[in-house]
Amino acid sequence: LAKTTQPISMDSYEGQEVNITCSHNNIATNDYITWYQQFPSQGPRFIIQGYKTKVTNEVASLFIPADRKSSTLSLPRVSLSDTAVYYCLVGGRMDSSYKLIFGSGTRLLVRP
Amino acid sequence: EAQVTQNPRYLITVTGKKLTVTCSQNMNHEYMSWYRQDPGLGLRQIYYSMNVEVTDKGDVPEGYKVSRKEKRNFPLILESPSPNQTSLYFCASSRTPSQGQETQYFGPGTRLLVL
């Protein structure tokens, strides 16, 4: 099962680009990497997903190197409303198990 | 509107008094799961279900039970709650069981306090 490691917290300022890296050394061949965003008192919500190289959508980019042992979520020009906890999730298929293991998350604080 | 609902949203109870937290989804999803969230520990999966009558343990199943008698519902049962089960609980669902590529849709959460 791929365990993920993320920084506990990060600080940034409005308008800056923020990059959050997740390590997943034991990622399996078929595992996808997914990032979720969680605001206080709400359930997490999907941001972006990728398997390899780079993925971009309207809110973020995801960079995955060739060895796939890490991934970086990039948030361009953050605003105060991007203050949240960000979770990296790597698929948890092992034998017959369909467990999903989230990491501890990265708490991002965006300052004015 | 496609959603996952949980009830109750807030619950205060006492040690040993059985309780059930309901979860329902209207997206015809096969995979459903329960998580607990504690400060500094992130989201930890309690139980999951791949379809009706198919459930399995997640990372922290002790003290919890689940059932999946209907596709849309996945209640979480605490037979004898203890204070260490005080937590924020989330139900989630996805279209199919997968190796992580299926988007998980989360409910709004249930905040439980066990005295």
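Residues numbered from 1 in each chain as written. Chains lettered and ligands numbered in written order. Predicted model: local features only at pLDDT ≥ 70, side-chain atom pairs only at ≥ 80, totals over all residues. Heavy atoms only, no water.

### Quick word on the interface of chain A and chain B
So, step 1. If you look at the interface, chain A gives 25 residues, while chain B gives 27 residues.
So, step 2. Summing both partners gives a buried area of about 2100 Å² for chain A against chain B, and 53% of it is carried by carbon and sulfur.
So, step 3. Linking chain A to chain B there are zero salt bridges.
So, step 4. On inspection of chain A and its partner chain B, the count reaches three residue pairs in polar contact (both at pLDDT 80 or more). (Contact = heavy atoms within 4.5 Å. Buried area = accessible area lost by both parts, 1.4 Å probe. Salt bridge = Lys/Arg side-chain N within 4 Å of Asp/Glu carboxyl O. Polar contact = N/O pair within 3.5 Å; in protein donor to acceptor, adjacent residues only side chain to side chain.)

### Regarding the state of the cysteines
So, step 1. Inspection of every chain in the model, using the stated rule, returns two disulfides over all chains.
So, step 2. At a sulfur-sulfur separation of 2.2 Å, the disulfide partner of Cys 22 of chain A is Cys 88 of chain A. Judged by the sign of its S-S torsion, about -75°, the cystine formed by Cys 22 of chain A and Cys 88 of chain A is left-handed. Taken as a pair, Cys 22 of chain A in strand β2 (residues 18-23) and Cys 88 of chain A in strand β8 (residues 84-90) lie far apart in primary sequence, 66 residues in all.
So, step 3. Between the sulfur atoms of Cys 23 of chain B and its disulfide partner Cys 91 of chain B the distance amounts to 1.8 Å. Its S-S torsion of approximately -70° makes the covalent link between Cys 23 of chain B and Cys 91 of chain B left-handed. On the criterion of sequence distance, the pair formed by Cys 23 of chain B in strand β3 (residues 19-25) and Cys 91 of chain B in strand β9 (residues 87-94) is long-range, its members being 68 residues apart. The pair formed by Cys 23 of chain B and Cys 91 of chain B is uniform in burial state, with each residue classed as buried. (Disulfide = S-S within 2.5 Å. Helix = DSSP H or I, 4+ residues; strand = E, 2+ residues; numbered from the N terminus. Buried < 20%, exposed > 50% of the residue type's maximum accessible area, 1.4 Å probe, protein only.)

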